[in-house]
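These are the residues of each chain, in order.
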Amino acid sequence: MIAENIASLRARISEAAGRSLRRPEEITLVAVSKTHGPEAVLEAAQAGLTVFGENRVQEARAKAPLVAAPVSWHLIGHLQSNKVRQALGLFERIHSIDKVDLARDVDRIAGELGVKPKVFLEVNVGGEGSKFGFDPGALRVAMPELLALEHLSIEGLMAIPPFVDEPSEARPYFVALRELRDRLAGEFGVQLPELSMGMSGDFEVAIEEGATFVRVGTALFGERQGKAWKP
Ligand SMILES: *Cc1c(COP(=O)(O)O)cnc(C)c1O
């Protein structure tokens, strides 16, 4: 079943890329495996997926060693400062740098460990009180300090737009993230090539608007299994 879901997702990703005159290779499918066990990850890996997204450090740390396949892990959920060291030992990318304080902590610990993690800055595009992420204006103010953190490789922006009923209603938020990226890249003279946006319900619209990473869980693994997977 997972293999069939992957085939259908790949076709939909290709079509969405084609509609915006992009190549499907520009888009990485991050398989969001939170709440699902290592056997589901292994099944997806055997069907060709290599990148898996988790929202909790603890859950990912327990799951990863049980997956006997060469996969890489991305952190897509909020990172607490006391978990940074563990996160840097496991995740190839962190999509969810949502505050200057967290960026400073990641930078300091990356320096101690002698690594340079690839990270995305999370933007609260809907201005929702309940969501993590930089307010767009605050991000602009924080950019000089963030760009000066020498142990961080800031690759782009990430967003989780407000929940909407129709995928097309998410489009303005995806456009806003892309335009913010374009403005910041221009103003600060940096490359911010990556846009992590789009989930099961709206990844095609996100791709049409420039997503380079789509984070898809339910459309791949089915409904989530409770709040978290435990060994
Ligand atoms: C759970 C999660 C997803 C995947 O959501 P689906 O709707 O199941 O595809 C994507 N991004 C983040 C940050 C998530 O926490």
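Residues take numbers from 1 onward in each chain, read along the sequence in its written order. Under the rules for a predicted model, residues below a pLDDT of 70 receive no local features and side-chain atom pairs below 80 are neither given nor counted, while totals for whole chains, interfaces and linings still include all residues. Hydrogens are left out, water is left out, and the side-chain values use all remaining heavy atoms of the structure.

Participant: Explain the layout of surface pockets here, please?
Facilitator: Sizing a probe to match a water molecule and rolling it over the atoms shows the empty space that remains. Here the term cavity refers to a set of points on a 1 Å grid, laid over the protein atoms alone, in which a 1.4 Å probe fits but cannot get out; the term pocket refers to an open set having protein on both sides within 12 Å along at least five of seven lines, with lining residues being those that place an atom within 4 Å of a point. Grid points are joined across faces, edges and corners, and a volume is the space filled by probe spheres set on the points. Roughly 690 Å³ of internal volume is contained in the largest pocket. Residue lining of the largest pocket: 28 residues in total, with K34, I160, M199, R215 and R224 positioned closest to the centre. Here the lining of the largest pocket is composed, by residue class, of 12 nonpolar, eight polar and eight charged. Amino acids are sorted into nonpolar (Ala, Val, Leu, Ile, Met, Phe, Trp, Tyr, Cys and Pro), charged (Asp, Glu, Lys and Arg) and polar (every other residue, Gly among them).

Participant: Can you help me understand unusual backbone geometry in this one?
Facilitator: Negative phi values dominate among residues other than glycine, just as trans dominates among peptide bonds. Positive phi outside glycine occurs at L21, with the angle close to 55°. With respect to the helices, strands and loops of the structure, L21 is situated in the loop between α1 (2-19) and β1 (28-32). In this scheme, a residue with accessible area under 20% of its type's maximum is buried, one over 50% is exposed, and one in between is partly exposed, where area comes from a 1.4 Å probe on protein chains only. A relative accessible area of 81% means that L21 is categorised as exposed. Phi angles above zero are rare outside glycine, and T35 is one such case at about 75°. Starting at the N terminus, helices and strands are each numbered in turn, a helix being any DSSP run of H or I of at least four residues and a strand any DSSP run of E of at least two.

Participant: For this particular structure, what's the right way to read the environment of A60?
Facilitator: With respect to the secondary-structure elements, A60 resides in helix α3 (residues 57-63). C-alpha of A60 to C-alpha of A228: the two residues are 168 residues apart in sequence and 10.0 Å apart in space. In contact with A60, not counting residues within four places along its chain, are E54, P65, L90 and F91. Working rule for contacts: check all heavy atoms of both residues, and any pair within 4.5 Å makes them a contact.

Participant: Before we go on, may I ask you to explain the site of the ligand in this structure?
Facilitator: Near is defined per residue: the residue qualifies when any heavy atom it owns lies within 4 Å of the molecule or strand. Around the ligand, the structure places V32, K34, I76, I160, M199, S200, R215, V216, G217, T218 and R224. In protein, a polar contact means a hydrogen-donor-capable atom and an acceptor-capable atom, both N or O and within 3.5 Å, with residues adjacent in sequence counting only if both atoms are side-chain atoms; elsewhere, any N or O pair within 3.5 Å suffices. At a separation of 2.6 Å, an oxygen atom of the ligand approaches a polar side-chain atom of K34. Contact between the ligand and G217: an oxygen atom at 2.8 Å from a main-chain N or O atom of the residue. All accessible areas in this document rest on Shrake-Rupley with a 1.4 Å probe, and a residue is counted as covered only by the protein chains that are shown. When isolated, the ligand has an accessible area of 390 Å², and the protein chains bury 90% of it.

Participant: I keep staring at the packing of helix α6 (residues 136-147) against helix α7 (residues 171-188) and nothing clicks. Help me out?
Facilitator: Any two packed helices are characterised by how steeply their axes cross, that is the angle between the axes, and by the distance between the axes. Here an angle of 0 to 180 degrees is reported between the N-to-C directions of two axes, which are lines fitted to C-alpha atoms, with helices fitted over the stretch in contact. Where α6 meets α7, the axes come as close as 11 Å, and the angle between the chain directions of the two elements is 40°. It follows from the interaxial angle that α6 and α7 lie oblique. Considering the relative orientation of α6 and α7, their crossing is right-handed. Facing α6, whose interface residues are P136, L139, R140, M143, P144 and L147, α7 presents L180, L184, E187 and F188. We call two directions roughly parallel when the angle between them is under 35 degrees, roughly antiparallel when it is over 145, roughly perpendicular when it lies between 65 and 115, and oblique otherwise. Take the far helix as your reference; a near helix turned counterclockwise from it by less than a right angle gives a left-handed crossing, and one turned clockwise gives a right-handed crossing.

Participant: How should I be thinking about the packing of helix α5 (residues 100-113) against α6 in this particular structure?
Facilitator: Where α5 meets α6, the closest approach of the two axes is 11 Å, and the angle between their N-to-C directions is 10°. Considering the angle they form, α5 stands roughly parallel to α6. Contacts from V100, A103 and R104 in α5 reach A142, E145 and L146 in α6. Residue classes in the contact of α5 with α6 are distributed as four nonpolar, no polar and two charged.

Participant: When you look at the pattern of salt bridges in this model, what are you seeing that I'm missing?
Facilitator: Oppositely charged side chains may form a pair once their charged atoms are brought near each other. Definition used for salt bridges: Asp or Glu carboxyl oxygen within 4 Å of a side-chain nitrogen of Lys or Arg. The tally for this structure, following the rule as stated, stands at 21 salt bridges. Residues R85 and E112 are paired through a salt bridge, measuring 2.8 Å at the closest nitrogen-oxygen approach. In this pair, R85 sits in helix α4 (residues 84-90) while E112 sits in helix α5, placing the two residues 27 residues apart along the sequence. Here R85 falls in the partly exposed class, since its relative accessible area comes to 43%. Residue E112 is classed as partly exposed on the basis of its relative accessible area, which comes to 49%.

Participant: Before we go on, may I ask you to explain the pairing of strand β2 (residues 51-54) in this structure?
Facilitator: In regular strands, side chains alternate between the two faces of the sheet. Alternating positions in β2 separate into two faces, V51 and G53 on one and F52 and E54 on the other, with burial throughout. Any two strands between which DSSP finds at least two bridges are classified as paired. One ladder, built from two bridges, connects β1 with β2; its direction is parallel. Directly across from A31, in β2, lies its bridge partner F52. With the strands aimed away from the viewer, a crossover counts as right-handed if its path from the first strand over the helix to the second runs clockwise. In the classification by handedness, the crossover that spans β1, the intervening helix α2 (residues 38-46) and the parallel β2 is right-handed.

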